[in-house]
Amino acid sequence: GQQIESTVRRLSRSPHPAGSSENQKLADDILQQFRTYTLDHTWVESHYAKLQFPDRTRPNRLQIIGADNKLIEDFQFKDQDAYCPYSAVGSVKAGLVYVNYGRKEDFESLRTWGVNVTDNLVIVKTGYITFAEKVYNAERAGATGVLIFTDMLDAAVYGHVHLGTGDPETPGFPSFNHTQFPPFKSSGLPKIPAQPIDKTTALSLLSKLKGREAPSDWRNPAFPSHDMGPIMTDGHVVQLEVNNLERSVELVNVFGSITGRFEPEHYIVVGAQRDSWGPGAAKSGVGTAILLELMRSMTMMVQSGFQPRRSILFVSWDGGDFGSIGATEWLEGYLSMLHLKAATYMSLDTPLLGDEKFVAKSSPMFRTLIENIIKQVDNPRQSKQSIYENAKSYGNRKSEVFAPLAMGYGQLCLHCLCRSSCAGVLICGAIKPIQVSGHQDGHV
């Protein structure tokens, strides 16, 4: 426990986004820590991608403009580094429409109510769907730009808006250095600008909207009653200017492996995201700490005589916050081999958000296996009780303990190991049994 806490604190001291010197140093530190364990092999692999970052010389801007192009209000973002990677760049000026969470059904409701979205900016809340889906739905509805905010006061809002995963400059191909690719980009890149804003700015904008009143189930209890637009007070309009810049960066994935005793050519892959726009305690910090602890425990078990059936591959992924670029490019680079030899992928992205309730997101084929395991593991909150017994004591049904695989963009999928059947959606926590020697199982 102390080792995990120490690692989380060390990894979460400061932001360490992909391409930064802080993240590169973390990669070096993790590689050295890998080498302190009795692993059979350790190595790194690099990929090169063009990533989008804020332009410090020309920050993104949000303003309210009046008649004769007069500046009425210039919003100052609390977090100057908050932005949406892969947003289209440029300036748009239009009315503003509130569209709840930006889901397809929200846009359908607006059409039913006669609220016009076409050629207007939209403002949406975080939740339910990814940033990329919100922007895609807005673009399909004819909006010219998207503002995204959270209900939580002073909370940082981050999320890329590429409707897909991996490097959008090399869709379907691994982005190794100096490799030539067909001259096309991912069709999931948006054509309209998007920008995250804080709650205070959002409240100010919502208070200025005129038109049909927003239904009660679209409003946060703390929000005052407001309309949905697109008309604004005194005929003002909103102007959004996005000036993000692209630069080429090196992404570094760190690997360590334990060779299997009986089927060494088949792999159990365990991965955690390393990079983070912010300090990243809950996601990259905890995930990496658990990855290191699992590796330490497994190597100690091997030293004590344990013989893993298949090889175990531990990976620290880079570029996760930009759409699992490091993981996806590695997957694309070794697709044929992984399709035949990868037995299971276990994701450690945001693995722990508390200790009260256990939830497993997995392939349905693993329900029985997981259930048998949690019957043997003690509940950390109460002695002489298993995790399974704890779940039953809370009245949880199996459907509450076992959740479906999340359709979240920006997460690695080794469940289907394919380019097309996920339609660009990569799944976190996917685990897939493999047919080996006439039997099927998911055991290490």
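Scroll up a little and you will see the structure.
Nothing here was measured: the structure is a model prediction, and the numbers come from that model. Going along each chain's sequence as written, the residues are numbered from 1 onward. This being a predicted model, a pLDDT of at least 70 is required before a residue's local features are given, and a value of 80 or more before pairs of side-chain atoms are given or counted; all residues contribute to the totals for chains, interfaces and linings. Each side-chain value is derived from all of the structure's non-hydrogen atoms; neither hydrogens nor water enter the calculation.

Further remarks concern the packing of aromatic side chains. Pairs were defined over the aromatic rings of Phe, Tyr and Trp, the Trp ring being its six-membered one, requiring ring centres within 6.5 Å. Orientation was assigned from the angle between planes: stacked under 30 degrees, edge-to-face over 60, tilted for the rest. Under the counting rule described, the total for this entry stands at 13 aromatic pairs. Here Y98 and W218 contribute two aromatic rings whose centre-to-centre distance is 6.0 Å and whose plane-to-plane angle is 75°, an arrangement assigned as edge-to-face. Residue Y98 is found in strand β5 (residues 96-98), and its partner W218 is found in the loop between α5 (199-207) and β9 (237-242); the two are separated by 120 residues along the sequence. A ring has a charge above it when a Lys NZ or an Arg CZ is no more than 6 Å from the ring centre and no more than 35 degrees off the ring normal. Between R247 and the ring centre of F53, over which it is positioned, the NZ or CZ distance is 4.1 Å. Over the aromatic face of Y388 sits the side chain of K375, whose NZ or CZ is 4.8 Å from the ring centroid. Secondary structure elements are taken from DSSP: a helix is a run of H or I of four residues or more, a strand is a run of E of two residues or more, and numbering for both begins at the N terminus.

Pairs of strands are assigned from DSSP output, requiring at least two bridges between the strands. With parallel pairing, the four strands of this open sheet are ordered in space as β5-β6-β7-β8. On the outer flanks of this sheet lie β5 and β8 (194-196), each paired with one strand and no other. The average angle at which neighbouring strand axes cross in this sheet is 25°, direction not considered. Taken together, the three bridges between strand β7 (residues 145-149) and β8 define a ladder with parallel strand orientation. Its bridge partner lying in β8, V146 is registered against A194. The angle between two axes is taken between their N-to-C directions and runs from 0 to 180 degrees, where each axis is a line fitted to C-alpha atoms and a helix contributes only its stretch in contact.

Moving on, we come to the environment of P215. Summarising the element assignment, P215 is placed in the loop between α5 and β9. The classification of residues rests on relative accessible area computed with a 1.4 Å probe and restricted to protein chains. Under 20% of the type maximum is buried, over 50% is exposed, and intermediate values are partly exposed. For P215, a relative accessible area of 22% gives the class partly exposed. Each C-alpha atom of the pair P215 and S225 lies 8.9 Å from the other, and the pair is ten residues apart in sequence. Here, two residues are considered to be in contact whenever any of their heavy atoms come within 4.5 Å of each other. Setting aside residues up to four positions removed in sequence, P215 forms contacts with W113 and M228.

The set of residues buried in helix α4 (residues 131-140) consists of F131, A132, K134, V135, N137 and A138. Summarising the contacts, the buried residues of α4 are in contact with α3 (104-113), β6 (121-125), β7 and β8. Where α4 ends, the next residue or the one after it, G142, has phi of about 95°, a positive value.

Here we take up the pattern of salt bridges. Here, a salt bridge means any side-chain nitrogen of Lys or Arg that lies within 4 Å of a carboxyl oxygen of Asp or Glu. What the rule picks out here adds up to 15 salt bridges. Salt-bridge contacts for R58 lead to D55; the nearest nitrogen and oxygen are separated by 3.9 Å. Across the pair D318 and R274 runs a salt bridge, and its minimum N-O distance is 3.2 Å. Linking D318 in the loop between β12 (310-317) and α7 (325-333) with R274 in the loop between β11 (263-273) and α6 (281-303), this pair joins segments that are 44 residues apart in sequence. No difference in accessibility class separates D318 from R274, as the two residues are buried. Each of R103, E105 and D106 takes part in salt bridges that share partners, so that together they form one network.

Treat this as a map of the structure, not an account of what it does.
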